[in-house]
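# Fold and contact review
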Amino acid sequence: MSASPFARRVRTLAALAGVVTLLGAASAHAQQQAIDPTWLSFNAAARTARFQLIAGLTGLNGALNFNGFADGGLTFVVPVGWQTEIFKNHDGMLPHSAEIITPRTPLPVQSVAPALDRAFTLKLDEGLVSEATDTMRFTAQPAGDYLIFCGVPGHGAAGMWIRFQVSASAKTPALR
């Protein structure tokens, strides 16, 4: 004896709800990406910091992420006045760029003037192709809170940004 159309719909909706719950749990787990300590290196005597900023490291947020983090889920802290270097596009499908901007609401939908001198990659609007690299080299000053933002139209506004803090009190760089 076959189930009624109503019973089949109820089972289908229940199965769909289970899939949505599992996807939500997987998404929450993806948001808790571990911080890899090899992403950051520094020389305290020379006051230099190097952060391996990796665009599209994971599939989180449709690969619109930096180092597997989106929507400000990672913070790179640098002491004020340190020389800083960052950026690489790992995404196999999409071009990406990076720039340091001042936080704002709403987020811009494309690149804007960088907040710090020389704190932007080449091809800011069109982005660098997969596995391409460019290094932003700049002095981390003045102290303040900033965003590392993808300038490719739509990417940053869709969550492709993390936090960047130039700290007057930090003694060494850190990822949090």
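Please refer to the structure placed before this passage.
Treat the numbers as computed from the prediction; the structure is a model and nothing was measured. (Residues numbered from 1 in each chain as written. Predicted model: local features only at pLDDT ≥ 70, side-chain atom pairs only at ≥ 80, totals over all residues. Heavy atoms only, no water.)

Here the focus is the nonpolar core. Within the largest apolar cluster, 34 residues are counted, with the highest numbers of intra-cluster contacts made by Phe51, Phe66, Phe76, Ile148 and Phe164. Taken together, the elements giving at least two residues each to this core come down to β2 (48-55), β3 (75-79), β4 (83-89), β6 (133-139), β7 (144-149) and β8 (161-167). Here this core gets five residues from one element, more than from any other, and that element is β2. Those residues in contact with Phe51 that lie beyond four places of it in its chain are Trp39, Asn67, Leu74, Phe76, Glu85, Ile86, Phe87, Ile148, Ile162 and Leu175. (Core = buried A, V, L, I, M, F, W, Y, C linked by side-chain atoms within 4.5 Å. Buried < 20%, exposed > 50% of the residue type's maximum accessible area, 1.4 Å probe, protein only. Helix = DSSP H or I, 4+ residues; strand = E, 2+ residues; numbered from the N terminus. Contact = heavy atoms within 4.5 Å.)

With that settled, the discussion passes to the sheet that holds strand β1 (residues 40-43). One open sheet holds the four strands; their spatial order is β1-β2-β4-β6, and the pairing between them is mixed. Only two strands of the sheet have a single neighbouring strand rather than two, namely β1 and β6. The average angle at which neighbouring strand axes cross in this sheet is 15°, direction not considered. One ladder, built from four bridges, connects β1 with β2; its direction is antiparallel. Counted as the bridge partner of Phe42 is Ala49 from β2. (Pairing = 2+ DSSP bridges. Axes fitted to C-alpha atoms, helices over the stretch in contact; angles between N-to-C directions.)

Looking now at the environment of Gly68. In this fold, Gly68 is placed in the loop between β2 and β3. Judged by relative accessible area, Gly68 falls into the buried class, the value being 0%. Expressed as a C-alpha distance, the spacing of Gly68 and Ala34, which sit 34 residues apart in the sequence, is 8.5 Å.

In this structure, the amide linkage connecting Thr105 to the following residue, Pro106, adopts the cis form with an omega of -5°. Residue position: Pro106 is located in the loop between β5 (99-101) and β6. A cis amide bond links Gln141 with the next residue in sequence, Pro142, at an omega value of 5°. The backbone of Arg47 shows a phi angle near 55°, a positive value even though the residue is not glycine. Note that Arg47 resides in the loop between β1 and β2.

Think of a pair of aromatic rings as described by two things: how far the centres are apart, and how the planes are tilted against each other in angle. Counting across every chain of the model gives six aromatic pairs. Measuring from ring centre to ring centre gives 4.7 Å for Phe51 and Phe76, while their planes differ by 40°; the resulting arrangement is tilted. Of this pair, Phe51 sits in strand β2 while Phe76 sits in strand β3, placing them 25 residues apart in sequence. Both residues of the pair, Phe51 and Phe76, belong to the buried class. By relative accessible area, Phe76 is classed as buried at 0%. (Phe/Tyr/Trp six-rings, centres within 6.5 Å; stacked < 30°, edge-to-face > 60°.)

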